[in-house]
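Each chain is listed here by its residues.
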Amino acid sequence: MNLILKEIRNLKQQFSLTQKEAQQYYKIIQHRLNKEISSVEKLNLFKGKLILECGTGQGRFTQTLVKNLLRPDQTLYSIDSTPAMIKNIRSRIKADNLHPLVADLWNLPFPDNYFDCLISHYTLHGLRSRNRNFLKPFKEMIRVLKPGALLIAMTFYYDKGENPSAYLYHRLIQLSYRDKGINFFGLKSPEIYKNFLRKAGLKKIKSKVINFDSFPFPEKLRDKIHAARLKEEKNLIKKIKSSKLKKEAEELLRNFEGKLELKNQKVGPTLLLWGRK
């Protein structure tokens, strides 16, 4: 099956959409990816011959990166800790200069001072650990960069009420993981992300917020996405065993669900961070 058709089918099933709505939502997702890639390109950040991508996930960003930004003379190593994700990348993207492999961000299998550039997309906020030493993966990313090399990171963030939908969802995920004895990094303010990168050894750190409000997001489609997300959030809460954490999660959901800014939010912004080793 064509990859685009497969993506549309998955969106249709995940959010209970019609075929037309799933196609619309796919376009919105692709617009987001294209604008993120364009922002990196305009700032002339994607430099060097040997590049590491940390956290491929489902491979949507990797595919867009390979198609629109990766040059034939550049080599991209794309890592993820989940074997199924890497298997998906290998079947999804065919490029001689792309090397997907299973690797742990907490212990990267590369020597010091190895890469010319490192890029991560929606990886930082999703970090998980049995301990609270979240500085370790940040240090690992810096360790494998050559002196003067660029680190580029795109992530969800929450600051002064911005991006309430993403914050609520990830805060509930955080409580769900805590119930299992696992720490989840979660959404932070731009300054907190910068502080972690600074402590890890990155210098001259800059940031930019990428907005997507100008792209059409039909109200009916937005309501369906919101309803599907709400159902998923309630299922997360239902599975929490700790009565204290469950109560906290239920109160959080009640407080957010009544807010107009949550219902009316379109596509949440992305925080783009970059700096040099």
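Residues numbered from 1 in each chain as written. Predicted model: local features only at pLDDT ≥ 70, side-chain atom pairs only at ≥ 80, totals over all residues. Heavy atoms only, no water.

S.K.: Mind showing me how you'd approach the overall build of the chain here?
M.R.: From N to C terminus, the chain includes 10 helices and nine strands. In terms of C-alpha radius of gyration, the chain reaches 19 Å, essentially the compact-globule figure of 19 Å for 277 residues. When its C-alpha atoms are laid out on the principal axes, the chain stretches across 50 × 40 × 35 Å. Expressed as a percentage of its 277 residues, the buried residues of the chain come to 49%. Of the contacts formed within the chain by residues at least 6 apart in sequence, a portion of 78% connects residues at least 24 apart. (Helix = DSSP H or I, 4+ residues; strand = E, 2+ residues; numbered from the N terminus. Rg over C-alpha atoms; globule rule 2.2 N^0.38 Å. Buried < 20%, exposed > 50% of the residue type's maximum accessible area, 1.4 Å probe, protein only. Contact = heavy atoms within 4.5 Å.)

S.K.: Just to check I follow, could you spell out the pairing of strand S6 (residues 145–155) for this structure?
M.R.: Along any regular strand, the residues point their side chains to alternate faces of the sheet. In terms of residue burial, S6 counts as a mostly covered element, since eight of its 11 residues are buried. Inspection of the sheet shows strand S4 (residues 115–121) paired to S6 by six bridges, in the parallel sense. Residue pairing across strands places His-121 opposite Met-154, the latter belonging to S6. (Pairing = 2+ DSSP bridges.)

S.K.: Looking at this structure, I do not really get the sheet that holds strand S9 (residues 270–276). What am I missing?
M.R.: In a beta sheet, neighbouring strands are held together by backbone hydrogen bonds and run either parallel or antiparallel to one another. In spatial order, the strands read S3-S2-S1-S4-S6-S9-S8; together these seven strands make up an open sheet with mixed pairing. A strand with exactly one partner marks an edge of an open sheet, and here the two such strands are strand S3 (98–102) and strand S8 (203–210). Each strand axis lies, on average, 15 degrees off the axis of its neighbour in the sheet, ignoring direction. The strands touched by helix H5 (residues 135–143) are strand S1 (50–54), S4 and S6; relative to S6, the strand with the most contacts, the crossing angle is about 135 degrees. (Axes fitted to C-alpha atoms, helices over the stretch in contact; angles between N-to-C directions.)

S.K.: When you look at the packing of aromatic side chains in this model, what are you seeing that I'm missing?
M.R.: We describe a pair of aromatic rings using the distance from one ring centre to the other and the angle between the two ring planes. Per the stated rule, a full pass over the model turns up 17 aromatic pairs. Seen in terms of ring centroids, Tyr-77 and Phe-110 are 5.9 Å apart; in terms of plane orientation they differ by 70 degrees. Their pairing is edge-to-face. Highlighted residues: Tyr-77 in strand S2 (residues 75–80) and Phe-110 in the loop between S3 and S4, separated in sequence by 33 residues. Taking relative accessible area as the criterion, Tyr-77 reaches 21% and is therefore assigned partly exposed. Judged by its relative accessible area of 10%, Phe-110 is buried. Here Phe-138 and Phe-196 contribute two aromatic rings whose centre-to-centre distance is 5.1 Å and whose plane-to-plane angle is 35 degrees, an arrangement assigned as tilted. A residue pair is termed long-range when its members are at least 10 positions apart, and Phe-138 in helix H5 and Phe-196 in helix H7 (residues 190–200) qualify at 58 residues. The exposure class assigned to Phe-138 is buried, which follows from its relative accessible area of 0%. Residue classification places Phe-196 among the partly exposed residues on the basis of a relative accessible area of 22%. Three or more aromatic residues joined by ring pairs form one cluster here, namely Trp-106, Phe-134, Phe-138, Phe-185, Tyr-193 and Phe-196. One cation-aromatic arrangement involves Lys-180 over Tyr-177; the distance from NZ or CZ to the ring centre is 5.6 Å. (Phe/Tyr/Trp six-rings, centres within 6.5 Å; stacked < 30°, edge-to-face > 60°. Lys NZ or Arg CZ within 6 Å of the ring centre and 35° of its normal.)

S.K.: Would you mind showing me how to read the packing of helix H2 (residues 19–42) against helix H3 (residues 60–68) here?
M.R.: Axis angle and axis distance: for two packed helices, these are the angle between their axes and the distance between the axes, and together they describe the pair. Contact geometry for H2 and H3: axes closest at 10 Å, N-to-C directions at 55 degrees. In terms of orientation, H2 and H3 fall into the oblique class. Where H2 crosses over H3, the handedness of that crossing is right-handed. Residues Ile-29, Gln-30, Leu-33, Asn-34, Glu-36 and Ile-37 of H2 pack against Arg-60, Phe-61, Thr-64, Leu-65 and Asn-68 of H3. Class assignment for the residues of the contact of H2 with H3 results in five nonpolar, four polar and two charged. (Parallel < 35°, antiparallel > 145°, perpendicular 65-115°, else oblique. Left-handed = near helix turned anticlockwise from the far one by under 90°. Nonpolar A, V, L, I, M, F, W, Y, C, P; charged D, E, K, R; others polar.)

S.K.: Before we go on, may I ask you to explain a positive patch on the surface in this structure?
M.R.: On the surface, Lys-47, Lys-203, Lys-204, Lys-206 and Arg-276 cluster together into a patch of positive charge. Sort the elements by how many residues they give to the positive patch and S8 lands first, with three residues. Relative to the helices and strands, Lys-204 is located in strand S8. Given a relative accessible area of 70%, Lys-204 falls into the exposed group. (Patch = residues over 30% accessible without salt bridge, like charges linked within 9 Å, V, L, I, M, F, W, Y side chains within 5 Å. Areas by Shrake-Rupley, 256 points an atom, 1.4 Å probe, with all protein chains shown as cover. Salt bridge = Lys/Arg side-chain N within 4 Å of Asp/Glu carboxyl O. Lys, Arg positive; Asp, Glu negative; His and termini not counted. Charge placed at Lys NZ, Arg CZ, Asp CG, Glu CD.)

S.K.: Sorry, what's going on with the environment of Gly-55 here?
M.R.: Positionally, Gly-55 belongs in the loop between S1 and H3. The spacing of Gly-55 and Leu-127 is 72 residues in sequence and 9.9 Å in space, taken between C-alpha atoms. When sequence neighbours within four positions are dropped, the list of residues in contact with Gly-55 reads Ile-79, Asp-80, His-121 and Thr-123.

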